[in-house]
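Descriptive analysis of the structure
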Amino acid sequence: MRLAELSERSGVSAAMIKYYLRQGMLAPGRKVGATTAEYDDSHVRRLRLIRALVEVGRLPVATAKEVIGYVDDDSLDRTIRLGAALWALPHGPDPDDNDEVVIAARGEVDRLLGMLGWSTAREIGELSPDHRALIVAVAALRRLGYPWDAELMAPYAQLMHQAAVRDLDFVETHPSEAEKVEVAVAATILVDPILRALHRLAQQEESARRYGL
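In short, a report on the structure. (Residues numbered from 1 in each chain as written. Predicted model: local features only at pLDDT ≥ 70, side-chain atom pairs only at ≥ 80, totals over all residues. Heavy atoms only, no water.)

Quick notes on a nonpolar patch on the surface
Under the convention used in this document: Exposure above 30% relative accessible area and no salt bridge define the residues that can form patches, which grow by joining like charges within 9 Å and nonpolar side chains of Val, Leu, Ile, Met, Phe, Trp and Tyr within 5 Å. For every accessible area listed, the method is Shrake-Rupley and the probe measures 1.4 Å; residues are considered covered only by the protein chains on display. For this document, the term salt bridge refers to a Lys or Arg side-chain nitrogen within 4 Å of an Asp or Glu carboxyl oxygen. Where helices and strands are cited, they refer to DSSP runs of H or I of at least four residues and of E of at least two residues respectively, numbered from the N terminus.
Taken together, the side chains of Ile 194, Leu 195, Leu 198 and Leu 201 define a hydrophobic patch exposed on the protein surface, amounting to about 360 Å² of accessible area. Tracing the backbone through its elements, the reader meets Leu 198 in helix H10 (residues 177-211).

Encoded structure:
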């Protein structure tokens, strides 16, 4: 397809497509003339990913470019590519190492990972922004007087593991390595709001069942 059709199919303006090409976020098309090129379905898929990152995920273009760079780095294995891409996404504040509540929360998170047998998460530890975010959230709850500990978190973690299995089962339905990493990154941006919404709807439903409307 030519640029105009690529724009129509992807929903991205021709000017923005040219910008993403200049930024290296989109692979060049196949040259068919001095000033024209042809594009294929992989360009449509990539533009949809960029739109998800920038428009839905509200990432700055520079951050989206960094994420895309890891997606495209086939010198890394799939786990490293995916991890690096996800780590490049925005995260909250880091835990305060001098805060006693944070120290206690860190201990509970470590104990939780040990109980679950999540050895990779435990080994990577606070190099992971998600590990740090979990500590900050647990600390905030404990500071409010809610005694969140490893035992309380374990059933939630087990449910999330089931969700992760489904996530990666879906990833495996895509043929190429690039598609697998792309869909995993897109799912992180787009499925997280779905899970939050489903959680809240489930809470509403259970509340109505227990206490009535």
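Observations regarding the environment of Arg 46
For the record, the criterion: Contacts are residue-level and defined by heavy atoms, with any inter-residue pair within 4.5 Å sufficient.
Mapping Arg 46 onto the fold places it in helix H3 (residues 41-56). Measuring from C-alpha to C-alpha, the distance between Arg 46 and Arg 122 comes to 33 Å, with 76 residues separating the pair along the chain. With near-sequence residues (within four places) excluded, Arg 46 lies in contact with Met 25, Leu 26, Ile 68, Val 71, Asp 72 and Glu 182.

A closer look at the pattern of salt bridges
Going through the model one piece at a time under the given rule, you end up with 16 salt bridges. The network of salt bridges with shared partners includes Arg 45, Arg 46, Asp 72 and Glu 182.

A few points about the nonpolar core
The line we're drawing: In these notes, a set of buried Ala, Val, Leu, Ile, Met, Phe, Trp, Tyr and Cys residues joined through side-chain atoms within 4.5 Å is what counts as a nonpolar core. Any residue under 20% of the maximum accessible area for its type is buried, any over 50% is exposed, and the rest in between are partly exposed; the area is computed with a 1.4 Å probe on protein chains only.
Among the nonpolar cores identified, the biggest contains 31 residues, and Leu 6, Tyr 20, Leu 47, Leu 53, Val 67 and Val 185 are the most heavily contacted of them. Looking at this core, the elements that each hand over two or more residues are helix H2 (14-23), H3, helix H4 (61-72), helix H5 (78-87) and H10. Of all the elements, H10 adds the most residues to this core, at 6 residues. The residues touching Tyr 20, leaving out its near neighbours within four places in the chain, are Val 12, Met 25, Leu 26, Leu 47, Ile 50 and Val 54.

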